[in-house]
2 protein chains.
Amino acid sequence: MSTYQDNFRKITPYVPGEQSKEKDIVKINANENPYPPSPKACKVLKDFNAESLRFYPNANATVLKEVLAKYYGVGVQNVFVGNGSDDVLALAFQSFFCSDKPIAYPDITYSFYPVWCDLFGIPYVNYPLDADFRINPEDYKAANGGVVLPNPNAPTSLGEGEQFVRRIMDYNPDSVVIIDEAYVDFGGYSSVPLTKEYGNLLVTGTFSKSRSLAGLRIGFAIGSAELISVLEAVKNSYNSYTVDSLAIAMGIASVEDEEYFRSTVNKVIATRKRITDELRTLGFEVLDSQTNFIMATHSRYSMKDMFEYLKTKKVFIRYFSLPRIEKYVRITIGTDKEMDRFIAEVRNFLEENK
Amino acid sequence: MSTYQDNFRKITPYVPGEQSKEKDIVKINANENPYPPSPKACKVLKDFNAESLRFYPNANATVLKEVLAKYYGVGVQNVFVGNGSDDVLALAFQSFFCSDKPIAYPDITYSFYPVWCDLFGIPYVNYPLDADFRINPEDYKAANGGVVLPNPNAPTSLGEGEQFVRRIMDYNPDSVVIIDEAYVDFGGYSSVPLTKEYGNLLVTGTFSKSRSLAGLRIGFAIGSAELISVLEAVKNSYNSYTVDSLAIAMGIASVEDEEYFRSTVNKVIATRKRITDELRTLGFEVLDSQTNFIMATHSRYSMKDMFEYLKTKKVFIRYFSLPRIEKYVRITIGTDKEMDRFIAEVRNFLEENK
């Protein structure tokens, strides 16, 4: 006897992290940007003709693609946009990983990769990062159904350069390789220029971190016209209108405001350097971040305890109860003022627990 | 020898319709609402704190769900929201149609159903509408892996009542039944109250038609807590943040402005009645619409020719080059002024071709 429940998708619920609604908190747990979006993008919002929302958005988001193509020095046929980079990556997994062979990615990386593999029935294999949390490119020589690597990686914050990516590409002429560059603007190496050489390389990006537009949901991908056309076909078979009219308009203004973009990214990088130095002075080991967050640990203190302590002080950082990184905390780079409060509470924690 | 192209998703590209960028046009081809969104929703946009977009949206869109739950007289655990009803329906297909048996829907219906079945590998069977373009409920007695029916149906514009839906439900205790109510607010019967009786009934809706927010992408579903929890699990395994912060804020204001909603819906209904009558006076056969569009044909004129003629006059209606409906045109209800111009050009067409 069959029931309607038999036809349900069998899936383990993935529960997104709860966000605190308290006031006067230091929220440095979600890798959000501490600075507002470009004032020019904000002005687009203020001036937006709300009445025009009765029309469907441009399904192709043509102008946003044109602006991104110009910014990255590629053709408009090399650009894809979606509802945040999670949407772009989920579509890319469905588009390019249709193999019986497992796709390959590191054991410590973006938590959504295994979730998408489970959802889409994609087999996968994880290669452990080395003792320094580095990706070993030799692991990706083995036959696979595809490769996905974040560069810089998260939550390690560590980035790799051009030679590393070229090795991955040279080992994998017969797989699509996705390089997830969510954090690249904070000092990482971008593989976008390599997409002109390697037809099987897809680079993904997001407006949620360096462009301060997490609330608006814009992600993108850059690759050969061949890859982009498959991605478009799958997207248009799923939902033609993933990027709404306001996201398109504000996204365009954001990309066009290079000066503001550079200034806020540079502020985050400068604060990151200062906080890294201060934590090291306090005895922490801090990985060399190329992102808007840092991974830190201390040989004499429990990072889980520090995480819990800071929470009671309304300073919210991130702790992963996961093998290999359970001795670390992930700290998003906030404003200097926020980070001063963070450092002060860290000092209090060390003081109270010494 | 395998290549990376072997791992591509095999799919026929679905190309969304191009939208005209010309000015001074009458655009009555996409079932968009001729009236702007609620002024209260527009005010929310003007007053929106653009700086807050640096934060991720509330992944659960809790307040929007609460407002919809109150509006529809259900619990918040009975409401799901997504990035337009296409997103909601695509997730529902993935969530509830995991059967080897074919899902069932009519031969003439929303064009995305077969596209999603192809994308997700869901087998399907189509039951022909009868000669009057009505759905025969007896067809849905046969064993199936699920049922999806738009009510009112599109592009026929015809709706069915409570007894019809109850028959479908009584025939299908062991399948999930999705009733797609994209157009229901324009005079159709809503099955939302039946979701309390039938745990396997999912009703979907959209803000794109009756709420004039096609550009913002908000869709929703109402059903038993069991169905909604599966939908949430699949959604959160795909993309936690499908509905952006602006969509949440404007969506809330839209639902709360019942007076404006009623007044614009009633204007569309009044114009629909007038245009239906005028077309019938001109010799057209017009189906009895419960939607914001009408299906019309004329025994002595080619509707394809009329569609092409109107295009030259910058009046854009929709023609489907499809079996059974190739003698019809679909006309979205615009403002009275737009529809006057439409009727005037229709008269010109009839005059020039008599």
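One can find the structure itself at the top, above this paragraph.
Keep in mind the model is a prediction, meaning the values are calculated, not measured.

### A few points about the nonpolar core
Here is step 1 of the chain: Counting residues in each nonpolar core, the largest one holds 109 residues, and the members touching the most others are Leu64(A) and Leu64(B).
Here is step 2 of the chain: In contact with Leu64(A), not counting residues within four places along its chain, are Val81(A), Phe207(A), Ile218(A), Ile248(A), Gly251(A) and Ile252(A).
Here is step 3 of the chain: Within the second largest apolar cluster, 64 residues are counted, among which are Ile103(A), Tyr113(A), Val88(B) and Phe120(B).

### A short note on the relation of the copies chain A and chain B
Here is step 1 of the chain: Screw-axis analysis of chain A against chain B gives a translation of 0.0 Å along the axis, an RMSD of 0.0 Å, and a rotation angle of 180°. Seen this way, the second copy is the image of the first under a two-fold rotation axis. By C-alpha distance to the rotation axis, the residue of chain A lying nearest is Lys46(A), at 2.7 Å.
Here is step 2 of the chain: The fraction of interface residues of chain A whose copies in chain B are also interface residues reaches 100%, indicating that both copies meet through the same surface.

### What about the side chain of Arg330(A)?
Residues and elements named next belong to chain A.
Here is step 1 of the chain: Mapping Arg 330 onto the fold places it in strand β13 (residues 329–332).
Here is step 2 of the chain: Summary of buried charges: Arg 330 has no salt-bridge partner, and the nearest side chain of opposite charge, Glu 32, is 8.5 Å away.
Here is step 3 of the chain: Here Asn 29 takes part through its backbone oxygen, which lies 2.8 Å from a polar atom of the side chain of Arg 330.
Here is step 4 of the chain: Beyond its immediate sequence surroundings of up to four residues, Arg 330 is in contact with Ile 28, Asn 29, Ala 30, Asn 31, Pro 155, Phe 293, Ile 294, Met 295, Ile 317, Arg 318 and Phe 320.

### Re the interface of chain A and chain B
Accessible area lost upon the coming together of the parts serves often as the stated size of an interface.
Here is step 1 of the chain: Chain A puts 84 residues into the contact, and the matching count from chain B is 84 residues.
Here is step 2 of the chain: Buried area between chain A and chain B, summed over both chains or domains, comes out near 7200 Å², and the portion from carbon and sulfur atoms is 54%.
Here is step 3 of the chain: Our count for the chain A to chain B interface comes out at 45 residue pairs in polar contact (both at pLDDT 80 or more).
Here is step 4 of the chain: The set of elements that each furnish at least two residues to the side of chain A that touches chain B consists of α1 (39–47), α3 (84–96), α4 (112–120), α6 (225–238) and α7 (245–256) of chain A.

### Digging into the sheet that holds strand β13 (residues 329–332) of chain B
All names here are of chain B.
Here is step 1 of the chain: Taken together, four strands build an open sheet; the order of strands is β9-β10-β13-β12 and the sheet is antiparallel. Both edges of this open sheet fall to β9 (284–286) and β12 (318–319), since each of them pairs with a single strand only.
Here is step 2 of the chain: Relative to β13, helix α10 (residues 336–352) is tilted by about 150°, and along the sheet it contacts β9, β10 (293–298) and β13.

### A few points about the side chain of Ser289(A)
All names here are of chain A.
Here is step 1 of the chain: Within the secondary structure, Ser 289 sits in the loop between β9 (284–286) and β10 (293–298).
Here is step 2 of the chain: Of the residues examined, Ser 289 reaches a relative accessible area of 12% and is grouped as buried.
Here is step 3 of the chain: For Ser 289, the side chain forms a polar contact with the main-chain oxygen of Phe 293, separated by 2.6 Å.
Here is step 4 of the chain: Not counting chain neighbours up to four residues away, the residues in contact with Ser 289 comprise Ser 157, Arg 272 and Ile 294.

What counts as what
Within each chain, residues carry numbers counting from 1 in the order of the written sequence. Each chain gets a letter, beginning with A, and each ligand a number, beginning with 1, in the order they are written. Whole-chain, interface and lining totals are the exception, using all residues; otherwise, since this is a predicted model, local features are given only for residues with pLDDT of at least 70 and side-chain atom pairs are given and counted only at 80 or more. Heavy atoms throughout the structure, all of them, feed into the side-chain values; hydrogens and water do not. Within this scheme, the nonpolar core is defined by two criteria: the residues are buried Ala, Val, Leu, Ile, Met, Phe, Trp, Tyr or Cys, and they are joined through side-chain atoms within 4.5 Å. Accessibility here uses a 1.4 Å probe with only protein chains present; expressed as a share of the type maximum, an area under 20% marks a residue as buried, one over 50% as exposed, and anything in between as partly exposed. Contacts: residue pairs with any heavy atoms within 4.5 Å of one another. The copies were overlaid with a least-squares fit restricted to C-alpha atoms from residues scoring a pLDDT of at least 70 in each copy. Each helix is a run of H or I in the DSSP string that is no shorter than four residues. Each strand is a run of E no shorter than two, and both are numbered from the N terminus. As used throughout, the charge tally considers Lys and Arg to be positive and Asp and Glu to be negative, leaving His and the chain termini uncounted. Each reported salt bridge corresponds to a side-chain nitrogen of Lys or Arg within 4 Å of a carboxyl oxygen of Asp or Glu. For the purposes of these results, a polar contact is taken to be a pair of N or O atoms within 3.5 Å, where, inside protein, one atom must be able to donate a hydrogen and its partner to accept one; residues adjacent in sequence count only when each atom of the pair is a side-chain atom. In short, buried area is how much 1.4 Å probe accessible area vanishes from two parts on joining, totalled over both. Two strands form a pair only when DSSP identifies at least two bridges running between them. Between N-to-C directions, angles cover 0 to 180 degrees, with each direction set by a line fitted to C-alpha atoms, over the stretch in contact for helices.

From the geometry alone we can't say anything about function, so treat these as descriptive.
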